[in-house]
Amino acid sequence: MDLRIFTEPQQGATYDTLLAVAKATEDLGFDAFFRSDHFLSMGSGDGLPGPTDAWLTLAALARETRRIRLGTLMTAGTFRLPGVLAIQVAQVDQMSGGRVELGLGAGWFEQEHKAYGIPFPKEKFARLEEQLAIVTGLWETKPGDTFDFHGTYYDLTDSPALPKPAQTRIPVLIGGHGASRTPKLAAQYADEFNMPFASIEDSELQFGRVRAAAEAAGRKADDLVYSNALVVCVGKDDQEVARRAAVIGREVDELKANGLAGSPSEVVDRIGRYAETGSRRIYLQILDLDDLDHLELISSQVQSQLS
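Residues numbered from 1 in each chain as written. Predicted model: local features only at pLDDT ≥ 70, side-chain atom pairs only at ≥ 80, totals over all residues. Heavy atoms only, no water.

Describing the overall build of the chain
A tally of helices and strands in the chain yields 11 helices and 12 strands. Compactness check: the chain gives a C-alpha radius of gyration of 19 Å against a globular reference of 19 Å for 307 residues, within 12% of the reference. With the principal axes as the frame, the chain shows a C-alpha extent of 60 × 45 × 35 Å. Buried residues in the chain amount to 55% of all 307 residues. On the chain, the mean spot of the 31 positive side-chain charges and the mean spot of the 44 negative ones are 4 Å from each other. (Helix = DSSP H or I, 4+ residues; strand = E, 2+ residues; numbered from the N terminus. Rg over C-alpha atoms; globule rule 2.2 N^0.38 Å. Buried < 20%, exposed > 50% of the residue type's maximum accessible area, 1.4 Å probe, protein only. Lys, Arg positive; Asp, Glu negative; His and termini not counted. Charge placed at Lys NZ, Arg CZ, Asp CG, Glu CD.)

A look at the nonpolar core
Proteins that are soluble and globular tend to have nonpolar side chains buried together. Counting 75 residues, the largest nonpolar core has Phe 33, Trp 55, Leu 102, Trp 139, Leu 284 and Ile 298 as its most contacted members. In terms of residues, this core owes the most to one element, helix α5 (residues 124–140), which gives 8 residues. Filtering out sequence-adjacent residues up to four positions away, Trp 139 remains in contact with Ala 86, Val 89, Ala 90, Leu 102, Lys 164, Pro 165, Ile 170 and Val 172. (Core = buried A, V, L, I, M, F, W, Y, C linked by side-chain atoms within 4.5 Å. Contact = heavy atoms within 4.5 Å.)

Observations concerning the environment of Pro 119
Among the structural elements, Pro 119 can be located in the loop between α4 (110–116) and α5. Pro 119 sits 40 residues away from Phe 79 along the chain, and the two C-alpha atoms are 8.4 Å apart. Excluding anything up to four places from it in sequence, Pro 119 contacts Thr 78 and His 113.

Quick look at the layout of surface pockets
The volume enclosed by the largest pocket comes to roughly 1,300 Å³. Lining the largest pocket are 47 residues, with Glu 8, Gln 10, Met 42, Phe 197 and Gln 285 sitting closest to its centre. Going through the elements one at a time, β4 (75–76), β5 (100–105), α5, β8 (172–175), α6 (181–189), β9 (192–196), β10 (225–234) and α9 (252–258) are the ones with two or more residues in the lining of the largest pocket. Of the residues belonging to the lining of the largest pocket, the class tally is 20 nonpolar, 20 polar and 7 charged. As a volume, the second largest pocket reaches approximately 160 Å³. Taken together, Gly 77, Thr 78, Phe 79, Arg 80, Leu 81, Pro 119, Pro 121, Lys 124, Arg 127, Gln 131 and Tyr 154 make up the lining of the second largest pocket. Within the lining of the second largest pocket, the residues separate by chemical class into 5 nonpolar, 3 polar and 3 charged. (1 Å grid on protein atoms, 1.4 Å probe; cavity = no way out; pocket = protein on both sides within 12 Å on 5 of 7 lines; lining within 4 Å. Points joined across faces, edges and corners; volume = space filled by probe spheres on them. Nonpolar A, V, L, I, M, F, W, Y, C, P; charged D, E, K, R; others polar.)

Spelled out as structure tokens, the structure:
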């Protein structure tokens, strides 16, 4: 089971804070540092000092780290034109020496679009289908050849399809709860399918749909990695768990029901139940980015048992 650190910087984080978390992620032996792609805080927080851009952040971290994978859960398809996104991600992959992964979703948070003047189209999923075709098509085009795409929403003619990533193939992550279109899209384009903030039962059901869709598309179901994203709150004792839950404005019982919370042994057992569904990777949503002791505890007493 891979453990990856997943951050939500729109809730309030400077680049320096994210750098500290990324370096701790690397030093403590976690597999990857991922971040969300949002421009507006959610809930009651003020989001100070303001948002940071996902791919600008990852570009900088690409030069500050050496081992960990870097990526997004999920880049919003509404934020960037697919041709531009393909260039950005390929460049960051080069800058990292081939350690980038792209999580791409349709976009959903209408208020952040209104706040920053970003168009919020009605046909988001259909656009996502074309975006995935374009981004992967540009990367896969052989040097010296050109790429053309003529869709409903995007039109590319004689693109040189440059630059190329450092990796032969940048892993593409697709996720979500949709029962039909999402599994089919994952079967066509994804290297990894992620279930965000889902129960064990819902994860097992959705993984089954994706596996079936992959086989219907002529792929082996195990060609894809299956993963979960879950909030995490671990403590050496009940008092420490309660303190960490209070800092992020959550209740312990709710966190235990909907995420990974409790003592290290409790969290290891719960991760084991997700593993039984076929999940092979957990993105640990860290909501208090100043608490690096939390990462150290997870590394020494949770990750050590899983590895």
